Amino acid sequence: MTTTITPRVRNLVLLLLAVTGMLFAGAGTASAHAALTGSDPTSGVVVDKAPTQISLTFSEKVSTNNDSLRVLDPKGKRVDVGKPSNISGTTYAIQVRSGLSDGTYTVAWQVVSADSHPVAGAFTFSVGAPSKTTVSVSDQDVGGGLVGGLYGFGRYMSYAGFIVMVGGAAFILACWQRGAGVRALQRLVVSGWVALTAATLWLLLLRGSYTTTGKLGDIFDLNLVGQVLQTKTGAALVSRLLLLAAAALFIAVLFGAYDKREEEEKRDLTFGLAIGGGVVAAGLAASWALAEHASTGLQPGIAMPVDVVHLLAVATWLGGLSALLVSLYRAPADNQVGRAAVQNFSRIAFGSVLALVATGIYQSWRQLGSWSAFTDTGYGQLLLVKIGLVALLVGIASISRRWTARLADTGETATAAEPTENTVEGRAKEKAHASASSKTADSSAPSAEVSSSSATTSSEAGASSATASAEDDSDVTAPSSPSASASSKGGDSEAPGGSKRAAQLARQQAAVDSTRQKRLRDADPIRFGLRRSVLAEAAVAVVVLAVTTALTTTEPGRTEEDAKAAKASSSSASSSSSAGALTLDMSFDTGGTDGKGVIRLDLDPARVGGNEMHVYVQRPNGRAFDVPEVKVAFTLAAKKIGPLPVTPDHITTGHWAATGIQIPMAGDWKISVTVRTSDIDQTTVDKNAQIG
């Protein structure tokens, strides 16, 4: 039986490693989830007066440390002062030294996005006139390299361990309670627990280096580990470890006290284990939902419970599928998985697929926001691959359901034949054993040597006969076994060499029984077809899991499109400024529900005297955002002028305008825009721009 299964398992492992390697090889520093949507000064701009602070605006809230924002002069020396601060919404600033000399300065940033992924980048601006600089402005290698690959592999193993552990336990409780005594299923569930526990500890150690230096030698830096424990991701990993301790107790009861109970006594215990196991499984799923995609962005209050349901559905379906595969291939012939268990799993898997479809549709809308993002963003393209693989998986599952239906018609005869044959053979062995025992008791001491010699000869002959019979016909092995067993036991009781010969005979008899059981199992073509289709499902499921892991490390479509729009707006602003008009883009977040958006302010001709202003408010997906109130103020701090308030008129959805705005003198004006998205949610964002 082992020689038949090993090649299939080896192929699955090779497929897993190949797909995982390809996906992780393509996941580099571009797989970030927070994007830089604006800065002041903007990238590549030349300003007449040196700024006193540098501000960066991201698509979502980020975590910073002392070195998150750095400003470097043309020689590579730092000119920033103090620590980065959150000045408003998703805008962060760092103070710089006063009296900066003319030249090109580099702003380098490295932060951790709200969904736990590190983000880094750099850009330049110039004071007075551009100059040569010794600083490289290429993106920093954060979240990539060897540490990034190891971290990605740890994420994959954590997902795989969760799915196998939760799905395997659910399969036993809901579909096949007798499976609690099958060693192969026990090893499967325990291996899932071990994989998830080891991966969680691995991620906890790697996290500090992954989000900062990216050096392998910093994995065991206790200072970095301490910093990780103070973050949202660190708290989630520690919570997962605590829940795994409860899961260990659940597994011990499932394969201990529960397995030893009679069928009637298992009912109450099944209900208790189902409730307790469900709570632990939901808690483990929440440790991902509370620290990753679902915890930030649009509608987090809805997204997190939906993400928990999605993960539990995946575990129930794919984890149960792995348990069914192991049961079909590794369950002993006298305790094979029955048609009722397969049918129960088929119904549960169908319900899990429905839950996956419902939650998947919501998550796709939330992460993409538009149909074009399916093809225009890396996240959308990966999602299309996943949808195709899931469709293939459902198609193969439909074939398995047809095999299951045929199993319902023919399974009774196939499964009932084994206990009958085993019972007949068992009774024959019992009779032979009793006969051998009585003969041994009646034999005298002087005849011990003769009896031992006879037992040896009979054992060897019986073993040879049994092995040969197993190759020709499994049914003729039973008669040879009792005589061999009887002679062996007689010799064992009276001769020193009898125990060794008896052990040899036992091993030979076990091989005969294994061969016979395999023939009985493979004789049923329905079960053979079901095993093949379930094996194909498992192979596709391995690839689906790898693609899912890659999705969690890829920038969502909404964020990627927002970043592209911000860069395009920045370019438009530069070109418009050179033509005499001014265009500014500012991201805002009032902190309430549906409180994020982007403001575009156009000022024409952006000179001293009368000007016309248009303000456009958009949602992150680019659609017009009709907020209740917009106010603008102009301040020239160098001359202590302002703020000069302007209340634009509401023209149409997302559009406000004002004419006759008087700018008294040229200078570096601060333009502040106050946005109110509800009765209590309001924020003010600002940017500096040269007017006149």
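Shown above is the structure to which this text applies.
Below you will find a few notes about this structure. As the structure is a prediction and not an experimental result, all values here were calculated from the model.

1. What to know about the overall build of the protein
Then comes step 1: Scanning the protein from terminus to terminus reveals 16 helices and 18 strands.
Then comes step 2: Counting all 692 residues of the protein, 49% fall into the buried class.
Then comes step 3: If you sum the accessible surface of the protein, you get close to 31,800 Å²; carbon and sulfur atoms cover 59% of it.

2. Quick notes on the sheet that holds strand S15 (residues 649-652)
Within a sheet, adjacent strands bond to each other through the backbone by hydrogen bonds, running parallel or antiparallel.
Then comes step 1: Read across the sheet, five strands follow the order S10-S11-S12-S16-S15 without closing on themselves; strand pairing throughout is antiparallel. With one partner strand each, in any of the chains shown, strand S10 (582-589) and S15 form the two edges of the open sheet. Sheet twist, expressed as the average angle between the axes of neighbouring strands with direction ignored, equals 25°.
Then comes step 2: Pairing of strand S12 (residues 609-618) with strand S16 (residues 655-663), which is carried by seven bridges, proceeds in the antiparallel orientation. Looking at the pairing, Val615 lines up with Trp656 of S16.

3. Comments concerning the sheet that holds strand S1 (residues 36-40)
Then comes step 1: Across the sheet, four strands lie side by side as S1-S3-S7-S6; this open sheet has antiparallel pairing. Each edge of the sheet is formed by a strand with only one pairing partner; in this case those strands are S1 and strand S6 (80-88). Neighbour-to-neighbour, the strand axes of this sheet turn through a mean angle of 20°, independent of strand direction.
Then comes step 2: In this structure, strand S3 (residues 53-58) lies alongside strand S7 (residues 91-96), joined through five bridges in antiparallel fashion. Its bridge partner lying in S7, Leu56 is registered against Tyr92.

4. Some thoughts on the nonpolar core
Then comes step 1: Counting residues in hydrophobic clusters, the biggest one holds 81 residues, and the most contacted among them are Phe162, Met165, Phe171, Leu185 and Leu254.
Then comes step 2: The contacts of Leu185, once residues within four sequence positions are left out, are Phe171, Ile172, Trp176, Gly179, Phe255, Ala323, Val326 and Ser327.
Then comes step 3: Counting residues in each nonpolar core, the second largest holds 30 residues, with Leu582, Leu601, Phe625 and Val627 among its members.

5. Description of a nonpolar patch on the surface
Then comes step 1: Where nonpolar side chains cluster on the molecular surface, the patch consists of Leu229, Val238 and Leu242 and spans about 260 Å² of accessible area.
Then comes step 2: Summarising the element assignment, Leu242 is placed in helix H5 (residues 232-255).

6. Observations concerning the packing of aromatic side chains
Then comes step 1: Inspection of every chain in the model, using the stated rule, returns ten aromatic pairs.
Then comes step 2: Judged by centre distance (5.3 Å) and plane angle (70°), the rings of Phe58 and Trp109 are edge-to-face. Taken together, the residues Phe58 in strand S3 and Trp109 in strand S8 (residues 103-113) connect sequence positions 51 residues apart. As far as burial versus exposure is concerned, Phe58 and Trp109 are alike and both buried.

7. Side note on the pattern of salt bridges
Here the idea is simple: oppositely charged side chains can pair when their charged atoms come close.
Then comes step 1: Across all of its chains, the model carries seven salt bridges by this definition.
Then comes step 2: With its nearest N and O atoms 2.7 Å apart, the salt bridge here joins Arg78 to Asp80.
Then comes step 3: Residue classification places Arg78 among the partly exposed residues on the basis of a relative accessible area of 31%.
Then comes step 4: In the salt-bridge network here, residues are joined through shared partners; they are Asp67, Arg78 and Asp80.

8. With respect to unusual backbone geometry
Then comes step 1: Cis geometry is found at the peptide bond from Asp40 to Pro41, where omega equals 0°.
Then comes step 2: By the secondary structure assignment, Pro41 is in the loop between S1 and strand S2 (46-47).
Then comes step 3: Residue Asp604 is joined to Pro605 through a cis peptide bond whose omega torsion reads 10°.
Then comes step 4: Relative to the assigned elements, Pro605 resides in the loop between strand S11 (596-604) and S12.

9. Focus: helix H4 (residues 222-229)
Side chains three or four residues apart in an α-helix point the same way, a direct result of the helix having 3.6 residues per turn.
Then comes step 1: Every buried residue of H4 is listed here: Leu224, Val225 and Val228. Each buried residue of H4 lies within a common arc of 100° when the element is viewed along its axis, so the set occupies one face. When the buried face of H4 is taken as reference, the exposed residues oriented beyond 90 degrees from it are Leu222 and Asn223.
Then comes step 2: Next to the buried residues of H4 lie helix H3 (183-211) and H5.
Then comes step 3: The N-cap of H4, judged by a side-chain oxygen 2.9 Å from the amide nitrogen of Asn223 a few residues on, is Asp221.

10. What to know about helix H15 (residues 525-552)
Then comes step 1: Compared with the 40 Å implied by 1.5 Å per residue over 28 residues, the 41 Å span of H15 between its first and last C-alpha is a close match.
Then comes step 2: In terms of burial, H15 is largely enclosed, as 22 of its 28 residues are buried.

11. Focus: the environment of Ile641
Then comes step 1: Tracing the backbone through its elements, the reader meets Ile641 in strand S14 (residues 641-646).
Then comes step 2: By relative accessible area, which is 18% here, Ile641 ends up buried.
Then comes step 3: Expressed as a C-alpha distance, the spacing of Ile641 and Met665, which sit 24 residues apart in the sequence, is 9.6 Å.
Then comes step 4: Residue contacts for Ile641: discarding those within four places in its chain leaves Phe634, Thr635, Leu636, Pro664, Met665 and Trp669.

12. Observations regarding a negative patch on the surface
Then comes step 1: A cluster of acidic residues, Glu262, Glu263, Glu264 and Glu265, forms a negative patch at the surface.
Then comes step 2: In this structure, Glu262 sits in the loop between helix H6 (257-260) and helix H7 (266-289).
Then comes step 3: Judged by relative accessible area, Glu262 falls into the exposed class, the value being 55%.

13. Side note on the pairing of strand S13 (residues 629-636)
Then comes step 1: In terms of residue burial, S13 counts as a mostly covered element, since six of its eight residues are buried.
Then comes step 2: Relative to strand S17 (residues 667-676), S13 runs antiparallel, the two being bridged by seven bridges. Residue pairing for S17: Val632 is matched across the bridge by Val673.
Then comes step 3: In this sheet, S14 lies alongside S13 in antiparallel orientation, the contact comprising four bridges. Following the sheet pairing, Ala633 is matched in S14 by Pro645.
Then comes step 4: Two successive antiparallel strands, S13 and S14, enclose a turn made up of four residues, where Lys640 displays a positive phi of approximately 55°.

Basis of the calculations
Residues numbered from 1 in each chain as written. Predicted model: local features only at pLDDT ≥ 70, side-chain atom pairs only at ≥ 80, totals over all residues. Heavy atoms only, no water. Helix = DSSP H or I, 4+ residues; strand = E, 2+ residues; numbered from the N terminus. Buried < 20%, exposed > 50% of the residue type's maximum accessible area, 1.4 Å probe, protein only. Areas by Shrake-Rupley, 256 points an atom, 1.4 Å probe, with all protein chains shown as cover. Pairing = 2+ DSSP bridges. Axes fitted to C-alpha atoms, helices over the stretch in contact; angles between N-to-C directions. Core = buried A, V, L, I, M, F, W, Y, C linked by side-chain atoms within 4.5 Å. Contact = heavy atoms within 4.5 Å. Patch = residues over 30% accessible without salt bridge, like charges linked within 9 Å, V, L, I, M, F, W, Y side chains within 5 Å. Salt bridge = Lys/Arg side-chain N within 4 Å of Asp/Glu carboxyl O. Phe/Tyr/Trp six-rings, centres within 6.5 Å; stacked < 30°, edge-to-face > 60°. Arc of directions from axis to C-beta. Polar contact = N/O pair within 3.5 Å; in protein donor to acceptor, adjacent residues only side chain to side chain. Expected span 1.5 Å × (residues − 1). Lys, Arg positive; Asp, Glu negative; His and termini not counted. Charge placed at Lys NZ, Arg CZ, Asp CG, Glu CD.

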